[in-house]
Structures are given as C-alpha cells and as structure tokens.
Amino acid sequence: MTKSRKAELIVLGVDPGKRNTGLAVLREREILLQEVLELPSDLTQACAILRIVLARHIATYHVTRLAFEEFGWEGHATSVSAATLALTGVIRSCAALVPVLAFRAVRWQTAITGQAPPPIAGRPAGEWKRIILRSVCLHLGLNPEEWGEDEGFHKSDAVGIALYAQGLIKLELAIDHSERR
C-alpha cells in the first residue's frame, strides 16, 4: 500500500498598490516567483490585468492559497481610494479559484520582524521596509545584499505576506492534527 503524498502548501502573496503590485509565490522556503506588476492608470485595465495575472499564477504554480495585504492600518485613520477598493475586489474574487486570506499590514509585519511597526506619521518608511526585507531574508536563509532591485519594497512585502500565511496555515494544520488524536 502506498502512502498518499501530502498536498504541497504553495502560497501566492500579493502586496497590492494602485500603480505597482508585488507578487510572490512561495513553496515552503523556496521562492518560485517574485515580481512587481506595473499597472496602468486606467482602473478598468488595471483590474483586468491583475485578474488575468493572478489566475495565470494560480494555475501555473498550482497555488493552494492566496494571501494579500488588506488596506488600512490598525489604530490609524487611512483613506482608501476607489482604485484600492477595486483592486482588493479583484484579489478577493480569486476565492473562486483558491482560498483567499487577508492580513492587515501591522499583523504580518510584526510577526515577520518580531517588532511592532513605528507609527505612520513621521516614520522613515525606507528604514522600516529595509527591516522587513532583512527579516524576510533571515527567515528564508537569503542574503539581503543579494536580494536585487526592489523599488518600493513590493517584492519583499509580497514574500513576507506569503511567509506569514504559510506559518499560520501550518499552525492551523498542526492544531487540527493534534485535536484528531
């Protein structure tokens, strides 16, 4: 009798933005894809392109979960544009293809870095984003100096989101397994 092979956990992490959206596909500690999708200013075109690219990556990489950064910052007032809401809607619509998980930035960033993000007002964004990049690299055994170009840190954020989702899913599976014993 052969043992059935455990399904692989492959997560597509999405760091959405009105102009640039970070995408990363992670299988365990292996980055299968990391890219920044440059979206056109026309919202209808941007949504169509994002929908096509997400569906293609889900199919190509046999993605089992999609995780994205939900807009808004806990404890801080934020404004969400119509474009942001439309892109979030496109991402959420992928639930027809795979389970979709949404995380607030403060949650996944705190888990990945081990420290709470500084307040938005007056925060040196580049410095905080470099901390996130170094933490992502540490978790994956990579050298941050060899990370390459990541203007806006969309790629490292997408990988961080996927990494956080993997950790939560593995924890949930472990709890389910122990409860069945």
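Keep in mind that this is a model prediction, so the values were computed, not measured.

(A) Seen up close, the packing of aromatic side chains. Summed over all chains, the structure comprises 1 aromatic pair. Relative to Y164, the ring of F103 has its centre 4.8 Å away and its plane inclined at 80°; by these criteria the two rings are edge-to-face. Of this pair, F103 sits in strand β5 (residues 100-104) while Y164 sits in helix α5 (residues 154-180); the two residues are 61 residues apart in sequence, bridging distant segments of the chain. Using a relative accessible area of 14% as the deciding quantity, one classes Y164 as buried.

(B) Expanded view of helix α3 (residues 105-113). By the burial criterion, the buried members of α3 are A105, V106, W108, Q109, I112 and T113. In the segment just after α3, G114 is the residue with positive phi, at about 80°.

(C) The sheet that holds strand β2 (residues 20-27), seen in detail. The strand order across the open sheet built from 5 strands is β3-β2-β1-β4-β5, with neighbouring strands paired in mixed fashion. Edge positions in the open sheet fall to β3 (30-38) and β5, since each of these has one partner strand only. Within the sheet, the average angular offset between the axes of one strand and its neighbour, ignoring direction, is 20°. Here strand β4 (residues 65-70) runs beside β5; their pairing, made up of 5 bridges, is parallel. In the strand pairing of β5, L66 is matched with V100. Each of β1 (10-15), β4 and β5 is contacted by helix α2 (residues 82-92), which is oriented at about 160° to β4, the strand it contacts most. Together, β4 and β5 form the strand contacts of α3, whose direction differs from that of β5 by roughly 85°.

(D) Representation of α2 within the structure. Considered for burial, the residues of α2 that qualify are A83, T84, L87, T88, V90 and I91. Viewed along the axis of α2, the buried residues span an arc of 155°, placing them on a single side of the element. Residues of α2 that are exposed and point more than 90 degrees away from the buried face comprise A82 and L85. The secondary structure elements touched by the buried residues of α2 are β1, α1 (43-60), β4 and β5.

(E) Focus on the nonpolar core. By size, the foremost hydrophobic cluster in this structure holds 26 residues, and its most contacted members are V11, F103, W108, V136 and V159. Here this core takes 8 residues from α5, the largest share from any one element. The residues contacting W108, other than those within four sequence positions of it, are E69, F103, I132, D157, G160, I161 and Y164. Grouped together as the second largest cluster of nonpolar side chains are 22 residues, V14, A46, I58 and I91 included.

Basis of the calculations
- Residues numbered from 1 in each chain as written.
- Predicted model: local features only at pLDDT ≥ 70, side-chain atom pairs only at ≥ 80, totals over all residues.
- Heavy atoms only, no water.
- Phe/Tyr/Trp six-rings, centres within 6.5 Å; stacked < 30°, edge-to-face > 60°.
- Helix = DSSP H or I, 4+ residues; strand = E, 2+ residues; numbered from the N terminus.
- Buried < 20%, exposed > 50% of the residue type's maximum accessible area, 1.4 Å probe, protein only.
- Pairing = 2+ DSSP bridges.
- Axes fitted to C-alpha atoms, helices over the stretch in contact; angles between N-to-C directions.
- Contact = heavy atoms within 4.5 Å.
- Arc of directions from axis to C-beta.
- Core = buried A, V, L, I, M, F, W, Y, C linked by side-chain atoms within 4.5 Å.

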